[in-house]
Amino acid sequence: MPNVVVEYSSNIRDEADIPGLLNAIAKTVIASEVFPTAGIRVRAHECQDYVVADGGPTYAFVSIGVRVARGRPEADRKRAFDAVFETVKTHLDPVDRTWTLAISMDVEEYGDRLAYKQNRLHEKFGTKPFAKAAS
């Protein structure tokens, strides 16, 4: 964990360098040292059908949803995702100068539910999956 999903309006595809944004987000999460590298997932979905505000043609958006497993201290999560949001704003600054851009990021912590995983990446990185502390 975390799972980071970036949704963006298709009108900024050519200027936003979404693959570069995804890599920058991943590198920032890794640098935070809050999450094991093997658990990081960052992906994007381009939105073809959307309306921003009153539908103005120069409006665009990037909306980021983050899901993390319960158990890490809030201060660590805040530090990590403050850095991610700064990375996102810096990366998208040229787009924001051309378009009326709305950027948002929501971080959701989840816990008591059924979750199924198979992840051999922990073997590759020599890490263990994060285990929730007993309450």
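Residues numbered from 1 in each chain as written. Predicted model: local features only at pLDDT ≥ 70, side-chain atom pairs only at ≥ 80, totals over all residues. Heavy atoms only, no water.

**Student:** With reference to specific residues and values, describe the sheet that holds strand β3 (residues 59-69).
**Tutor:** Strand-to-strand pairing in sheets goes through backbone hydrogen bonds, with the strands running parallel or antiparallel. Spatial ordering of the open sheet is given by β2-β1-β3-β4, a layout of four strands whose pairing is mixed. On the outer flanks of this sheet lie β2 (41-47) and β4 (100-110), each paired with one strand and no other. Strand-to-strand, the axes of this sheet are offset by a mean angle of 15°, without reference to chain direction. Pairing of strand β1 (residues 3-9) with β2 involves seven bridges; the strand directions are parallel. From the neighbouring strand, Glu7 faces β2, where its bridge partner is His45. Its contacts with the sheet place helix α2 (residues 18-32) against β1, β2 and β3, and it is angled at close to 150° to β2. (Pairing = 2+ DSSP bridges. Helix = DSSP H or I, 4+ residues; strand = E, 2+ residues; numbered from the N terminus. Axes fitted to C-alpha atoms, helices over the stretch in contact; angles between N-to-C directions. Contact = heavy atoms within 4.5 Å.)

**Student:** Quick one: what's the story with the pattern of salt bridges, residue by residue and with numbers?
**Tutor:** Where charged atoms from two side chains of opposite charge approach closely, those side chains can pair. Taken as a whole, this structure holds seven salt bridges when the rule is applied. Residues Lys78 and Asp82 are paired through a salt bridge, measuring 2.8 Å at the closest nitrogen-oxygen approach. In this pair, Lys78 and Asp82 are both assigned in helix α3 (residues 74-98), four residues apart and thus about one turn of the helix distant. By relative accessible area, Asp82 is classed as partly exposed at 40%. Linking Asp93 and Arg97 is a salt bridge whose minimum nitrogen-to-oxygen distance equals 2.7 Å. Of this pair, Asp93 and Arg97 both sit in helix α3, separated by four residues, roughly a single helical turn. Residue classification places Asp93 among the partly exposed positions, given a relative accessible area of 28%. Sharing partners across several salt bridges, the network here consists of Arg13, Asp14 and Glu46. (Salt bridge = Lys/Arg side-chain N within 4 Å of Asp/Glu carboxyl O. Buried < 20%, exposed > 50% of the residue type's maximum accessible area, 1.4 Å probe, protein only.)

**Student:** Which residues make up the side chain of Asn3, and what are the values?
**Tutor:** Counting through the fold element by element, Asn3 comes out in strand β1. At a separation of 3.2 Å, a polar atom in the side chain of Asn3 contacts the side chain of Arg43. Not counting residues up to four positions away in its chain, the partners in contact with Asn3 are Arg41, Arg43, Gly65, Val66 and Arg67. (Polar contact = N/O pair within 3.5 Å; in protein donor to acceptor, adjacent residues only side chain to side chain.)

**Student:** Can you lay out α3 for me, pointing to particular residues and giving the numbers?
**Tutor:** The end-to-end C-alpha distance of α3, which contains 25 residues, comes to 35 Å, matching closely the 36 Å that a straight helix rising 1.5 Å per residue would cover. The largest bend in α3 comes to about 55°, at Leu92, with the proline Pro94 one to four residues further on. Buried residues of α3: Arg77, Ala80, Phe81, Val84, Val88, Leu92 and Val95, and no others. Buried residues along α3 sit in contact with α1 (13-16), α2, β3 and β4. (Expected span 1.5 Å × (residues − 1). Bend = angle between axes of the 7 residues up to and from the residue.)

**Student:** Summarise the environment of Pro2; cite the residues concerned and give the values.
**Tutor:** Within the secondary structure, Pro2 is located in the segment before β1. A sequence separation of 40 residues divides Pro2 from Val42, and the C-alpha atoms of the two residues are 8.2 Å apart. Beyond its immediate stretch of four places on either side in the chain, Pro2 contacts Val29, Phe35, Gly39, Ile40, Arg41, Val66, Arg67, Val68 and Phe81.

**Student:** An account of the packing of aromatic side chains is needed here, citing residue identities and associated values.
**Tutor:** Applying the stated criterion across every chain, the model contains two aromatic pairs. Centre to centre, the rings of Tyr50 and Phe61 are 5.7 Å apart; their planes meet at 75°, and the pair counts as edge-to-face. Placement of the pair is Tyr50 in the loop between β2 and β3 and Phe61 in strand β3, with a sequence separation of eleven residues. For Tyr50, a relative accessible area of 28% corresponds to the partly exposed category. Its relative accessible area of 16% is what places Phe61 among the buried residues. Across the ring face of Tyr110, the terminal group of Arg67 is positioned such that the distance to the ring centre comes to 4.5 Å. (Phe/Tyr/Trp six-rings, centres within 6.5 Å; stacked < 30°, edge-to-face > 60°. Lys NZ or Arg CZ within 6 Å of the ring centre and 35° of its normal.)

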